[in-house]
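Here is what each chain is made of, one letter per residue.
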Amino acid sequence: MSYQTINPLTDEVVKTYDNHDDAYVEEALTKGHALYKKWRHDPIESRAEALNKVADIIASKANELAKILTIEMGKRLVEAKGEVAITVAIARYYAKHGADFLKPRDIVSAIGPAQIISRPTGVLLMVEPWNFPYYQIMRVFAPNYMAGNPMVLKHASNTPMAAEAFEKVVHDAGLPDGALTNLFINYDQVNKIIGDDRVQGVALTGSERAGQLVAAEAGKNMKQSSLELGGSDPFVILDDADLSEINKIISGARLYNAGQVCTSSKRFIVTEKNYDKIVDMLKTAFSEAKLGDPMKPETTLAPLSTSKAKQNLTKQVRQAVEAGATLAFGSVEQTQPAALFEPVILTGITKENPAFYQEFFGPVGQVFKVKDEVEAIALANDSHYGLSGIVFGGDADHAAEVASKIETGVVFVNSFGGTLPELPFGGVKNSGYGRELGDLGIDTFVNKQTIVTKHEPIDLENAVGGFI
């Protein structure tokens, strides 16, 4: 696996990185395991100050860190600064609340007083993607650092500069060796790490195929795993939806981060009453998008992450049209240089079309016409994925009721889907399992140990069944 920074605007190779050998991996695991054995005796609160220091350094280097994202994976500079900001917020959130989330919980028991306490489990492996390079790391790092689980990181091969920058922040903040070690490694080394007795879990965000491979390896080695594997998120628009409110967010719902967001709205499901208006709204939004240099403030649509990503997305669009989809906006032939991709709108996608169940990871919007909300719910749920979604309706309470029938991990009602440190995140179906962020996110790799204390001698004649 070649780790390279390639500017997607120009296809210029900026920097190439050497892979780490097995000896370096062994050193990282040795340090991490030694740190775990120390941390399990330290109070959780003792780690909060250092995590706040991590946040302070990231905030102080916001411009520098944001530019790395723009150069490395093509994110608009303004969006890159937004990613840095949410990364800081997540660190501060867990520094403030982590100890409270993990405090002991009392249980009334017939045997005697009992408590559930939270204990770290050991070294974790993070396998993270390129679309939000800092945010994805922090989602796992912050809660598990507070919990006492050291981590090793295998980042995407096209964002090595971001991985290195994050590791340096952790080092500069004064965290002990082994707290987070970045590894430039191949897939064989990933499997060896998962199988190592010192490693107790693996968190992956990535493709469905990558999730299948990692989950299989984790299962074979009896290791816990969490997976976030993308989605084909529905944007359901009911008859009484306020179209003026939708117009404010419809562009961002699909084009933010060049459409390379697992939770971006990929399938617009619209009742007959509003269908034509929404198609026209999308056409206007897409036509007004300014494709270009992500460093320039006037650019509103950045390039895709790589030229290969552009080739793959172009192939998907071509196959969808060949299978009967209507090209309502844009062109099958992408003539822009490097990884620049002009937005596309597809309509008339039938269930027989391969595109019906595919995830389009880029600025491609699919619009479906349905008779009513019953049909809208059925279509929204007719997907292999179940990550996120949006429902818009004039009656917010009724829209929330519709949202509760959507088979996803999260649904936003009358608002733009986004992320906040306090909102648990994750999916169902082929979108994976487990949760990150919020109070749920800190429990994923924690041993919830039950301690039962009996102060009186055991009464064998009246012992509770199953106790003996």
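To keep things clear, this report deals only with the structure shown in the data block. (Residues numbered from 1 in each chain as written. Predicted model: local features only at pLDDT ≥ 70, side-chain atom pairs only at ≥ 80, totals over all residues. Heavy atoms only, no water.)

Each pair of aromatic rings is reported with the distance of its centres and the angle of its planes. Under the criterion given, the structure shown has 16 aromatic pairs. A centroid spacing of 6.0 Å and a plane angle of 85° characterise the contact between Phe141 and Phe166, whose relative ring orientation is edge-to-face. Taken as a pair, Phe141 in helix α5 (residues 133-147) and Phe166 in helix α6 (residues 160-172) lie far apart in primary sequence, 25 residues in all. For the pair Phe141 and Phe166, one class covers both residues: buried. (Phe/Tyr/Trp six-rings, centres within 6.5 Å; stacked < 30°, edge-to-face > 60°. Helix = DSSP H or I, 4+ residues; strand = E, 2+ residues; numbered from the N terminus. Buried < 20%, exposed > 50% of the residue type's maximum accessible area, 1.4 Å probe, protein only.)

To continue, consider the environment of Leu65. Following the sequence through the fold, Leu65 ends up in helix α3 (residues 62-73). Sequence spacing of Leu65 and Tyr134 is 69 residues, and the spatial spacing of their C-alpha atoms is 9.0 Å. Those residues in contact with Leu65 that sit more than four places away from it in its chain are Ile58, Val84, Tyr134 and Ala165. (Contact = heavy atoms within 4.5 Å.)

On to the nonpolar core, then. Core analysis: the biggest nonpolar cluster contains 83 residues, and Leu51 and Phe141 have the highest contact counts within it. Per-element tally for this core: the top contributor is helix α4 (residues 77-101), with 11 residues. Setting aside its immediate chain neighbours within four residues, Phe141 contacts Leu51, Met126, Met151, Phe166, Val170, Leu175, Ala179 and Leu180. Counting 56 residues, the second largest nonpolar core, distinct from the first, contains Leu243, Val270, Val279 and Val370. (Core = buried A, V, L, I, M, F, W, Y, C linked by side-chain atoms within 4.5 Å.)

Turning our eyes to something else, we now look at the layout of surface pockets. Computed from the structure, the largest pocket encloses a volume of approximately 1,400 Å³. Counting residues per element, the ones that place at least two in the lining of the largest pocket are α7 (187-195), β8 (199-205), α8 (208-220) and α11 (307-322). Classifying every residue of the lining of the largest pocket by side-chain character gives 18 nonpolar, 15 polar and eight charged. In this structure, the second largest pocket encloses a volume near 440 Å³. In terms of lining, the second largest pocket is formed by 28 residues, of which the most central are Phe132, Val261, Thr263, Gly418 and Thr419. Secondary structure elements with two or more residues in the lining of the second largest pocket: α4, α5, β10 (233-237) and α9 (243-255). Among the residues forming the lining of the second largest pocket, the class breakdown is 12 nonpolar, 12 polar and four charged. (1 Å grid on protein atoms, 1.4 Å probe; cavity = no way out; pocket = protein on both sides within 12 Å on 5 of 7 lines; lining within 4 Å. Points joined across faces, edges and corners; volume = space filled by probe spheres on them. Nonpolar A, V, L, I, M, F, W, Y, C, P; charged D, E, K, R; others polar.)

Throughout the structure, instances matching the rule amount to 19 salt bridges. The partner of Asp172 in a salt bridge is Lys61, with the nearest N and O atoms 3.7 Å apart. Separated by 111 residues along the polypeptide, Asp172 in helix α6 and Lys61 in the loop between α2 (48-60) and α3 bring together distant segments of the chain. Its salt-bridge partner being Arg76, residue Glu79 comes within 3.1 Å of it at the nearest N-O pair. The class of Glu79 is buried, set by a relative accessible area of 5%. A residue is classified by how much of its surface remains accessible, and Arg76, at 16% relative accessible area, is buried. (Salt bridge = Lys/Arg side-chain N within 4 Å of Asp/Glu carboxyl O.)

With that out of the way, let us pick up empty space enclosed by the protein. Gaps left between atoms show up when a probe the size of a water molecule is rolled over them. Counted under the stated rule, the structure contains three cavities of 30 Å³ or more. Residue classes in the lining of the largest cavity are distributed as six nonpolar, five polar and no charged. Looking at the second largest cavity, its volume works out to about 50 Å³. If you go around the second largest cavity, the residues you meet are Arg139, Val140, Pro143, Asn144, Ala203, Ser226, Arg435, Glu436, Gly441, Thr444 and Phe445. Take the lining of the second largest cavity: its biggest share by element is four residues, from α5. The residue makeup of the lining of the second largest cavity, split by class, is four nonpolar, four polar and three charged.

Before going further, it helps to examine the side chain of Thr70. Among the structural elements, Thr70 can be located in helix α3. Under the relative-accessibility criterion, Thr70 is labelled buried at 2%. Apart from residues no more than four positions distant in its own chain, Thr70 is found in contact with Lys75, Arg76, Leu77, Ala80, Pro294 and Met295.

A surface patch of negative charge is lined by Asp239, Asp240, Glu272, Glu375, Asp395 and Asp397. With respect to the element layout, Asp239 can be found in the loop between β10 and α9. (Patch = residues over 30% accessible without salt bridge, like charges linked within 9 Å, V, L, I, M, F, W, Y side chains within 5 Å. Areas by Shrake-Rupley, 256 points an atom, 1.4 Å probe, with all protein chains shown as cover. Lys, Arg positive; Asp, Glu negative; His and termini not counted. Charge placed at Lys NZ, Arg CZ, Asp CG, Glu CD.)

For the rest of this paragraph, the subject is the packing of α4 against α5. In a packed pair of helices, the relevant descriptors are the angle between the two axes and the axis-to-axis distance. Contact geometry of α4 with α5 gives a least axis separation of 9 Å together with a crossing angle of 10°. By the criterion of interaxial angle, the relationship of α4 to α5 is roughly parallel. Here Glu83, Val84, Ile86, Thr87, Ile90, Ala91, Tyr94, Ala95, Gly98 and Ala99 of α4 come into contact with α5, specifically with Pro133, Tyr134, Tyr135, Met138, Arg139, Ala142, Pro143 and Met146. The residue inventory of the contact of α4 with α5, partitioned by class, reads 14 nonpolar, two polar and two charged. (Axes fitted to C-alpha atoms, helices over the stretch in contact; angles between N-to-C directions. Parallel < 35°, antiparallel > 145°, perpendicular 65-115°, else oblique.)

Reading across from one edge, β12-β13-β14-β11-β10-β16-β17 is the order of the seven strands in this open sheet, with mixed pairing throughout. Here the strands that pair on one side only, and so sit at the sheet edges, are β12 (326-329) and β17 (412-413). Bridge analysis of strand β16 (residues 390-392) against β17 gives two bridges, and the strand direction is parallel. Following the sheet pairing, Ile390 is matched in β17 by Phe412. Against the sheet, helix α10 (residues 275-287) contacts β10, β11 (265-271), β12, β13 (344-347) and β14 (364-370), and its axis sits at roughly 170° relative to β14. (Pairing = 2+ DSSP bridges.)

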